[in-house]
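Spelled out, the chains give:
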Amino acid sequence: MVTTKTRNLRRSTVRTQRATRRGVAMLAFVVAVLVLGALVVWQAVTTALASRAYLGHYLSGGALYASESGIELAVREVMQAADLDGDGAIGTISNDGNDGNDPSLLNGSFHVTASGTDYVSYGAWQQHVRVTEVTVE
Ligand SMILES: [Ca+2]
């Protein structure tokens, strides 16, 4: 009689250990699936942010080139002492407060203001704006 109880107790212990192992394996599987899912979501978000940052950098570069084009034209007016764009002043480009008639580029425009010998060019490329300032001595 004592022997039978011991066998039943051993069988019960073995079943409990197997169930515990299965539970641990299931928990490890669920954790692994959650970690992999989080990595996939993180990669998608990171890729989208990197693309958006690159686009902003690209468009900002276009605005810088537009701004530098304005400075080039303003310095040309100063060097030739002539109002090349016909806005009424030497060294300013389309300085009439009307953005609609600014010299236009492919996706942008620019205008230049002057204060004494300081010239400020505002270049716009789509929705990005860059400002370049020069002093002519
Ligand atoms: Ca001018």
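Before reading on, note that the structure itself is shown above.
All values derive from a computational prediction rather than experimental measurement.

Cut-off values and rules
Residues numbered from 1 in each chain as written. Predicted model: local features only at pLDDT ≥ 70, side-chain atom pairs only at ≥ 80, totals over all residues. Helix = DSSP H or I, 4+ residues; strand = E, 2+ residues; numbered from the N terminus. Buried ≥ 20, exposed ≤ 12 C-beta atoms within 10 Å, placed from the backbone. Core = buried A, V, L, I, M, F, W, Y, C linked by C-beta atoms within 7 Å. Pairing = 2+ DSSP bridges. Axes fitted to C-alpha atoms, helices over the stretch in contact; angles between N-to-C directions. Contact = placed C-beta atoms within 7 Å.

Engineer: Tell me what's going on with the overall build of the protein, and back it up with residues and numbers.
Structural biologist: Counting its regular elements, the protein contains one helix and three strands. Reading the protein from its N terminus to its C terminus gives the helix and strand order α-β-β-β. Taken along its principal axes, the extent of the C-alpha atoms in the protein is 120 × 30 × 20 Å. A burial count over the protein gives 20% of its 137 residues as buried.

Engineer: Now, about the nonpolar core: what can you tell me, with residues and values included?
Structural biologist: One broad trend across soluble globular proteins is that nonpolar side chains are buried collectively. In this structure, Ala63, Ala66, Leu73, Ala74, Ile93, Phe110, Val112, Tyr119, Tyr122, Ala124 and Trp125 together form the largest nonpolar core, which totals 11 residues. Looking at this core, the elements with two or more residues in it are helix 1 (2-80), strand 1 (108-115) and strand 2 (118-125).

Engineer: Requested: an account of the pairing of strand 1, with residues and values cited.
Structural biologist: In this structure, strand 1 lies alongside strand 2, joined through eight bridges in antiparallel fashion. Looking at strand 2, one finds that Ser109 is bridged to Ala124. A loop of two residues connects strand 1 with strand 2, the two strands running antiparallel in sequence, and Gly116 in this loop sits at a positive phi of about 65°.

Engineer: Give a description of unusual backbone geometry that names residues and reports values.
Structural biologist: A positive phi angle, close to 50°, is found at Ala81, a residue other than glycine. If you trace the backbone, Ala81 turns up in the loop between helix 1 and strand 1.

Engineer: Describe the sheet that holds strand 3 (residues 128-135), naming the residues involved and giving the relevant values.
Structural biologist: Taken in spatial order, the three strands line up as 1-2-3 in an open sheet, and their pairing is antiparallel. The open sheet is flanked by strand 1 and strand 3, the only strands paired with a single partner. Averaged over all adjacent pairs, the angle separating strand axes in this sheet is 15°, with direction ignored. For strand 2 and strand 3, the ladder comprises eight bridges, and the chain directions are antiparallel. Paired with Asp118 across the two strands is Thr135, which belongs to strand 3.

Engineer: Explain the environment of Thr92 to me, and be specific about the residues and the numbers.
Structural biologist: Relative to the helices and strands, Thr92 is located in the loop between helix 1 and strand 1. According to the C-beta neighbour criterion, Thr92 is buried, with 24 such atoms within 10 Å. Separated by 17 residues in sequence, Thr92 and Val75 place their C-alpha atoms 9.0 Å apart. When neighbours within four sequence positions are excluded, Thr92 is seen to be in contact with Ala74, Asp87, Val112, Thr113 and Ala114.

Engineer: Report on the pairing of strand 2, specifying residues and quantitative values.
Structural biologist: Of all eight residues making up strand 2, six are buried, and the element is well covered by its neighbours. The antiparallel hairpin formed by strand 2 and strand 3 contains two residues in its connecting segment, where Gln126 sits at a positive phi of about 55°.

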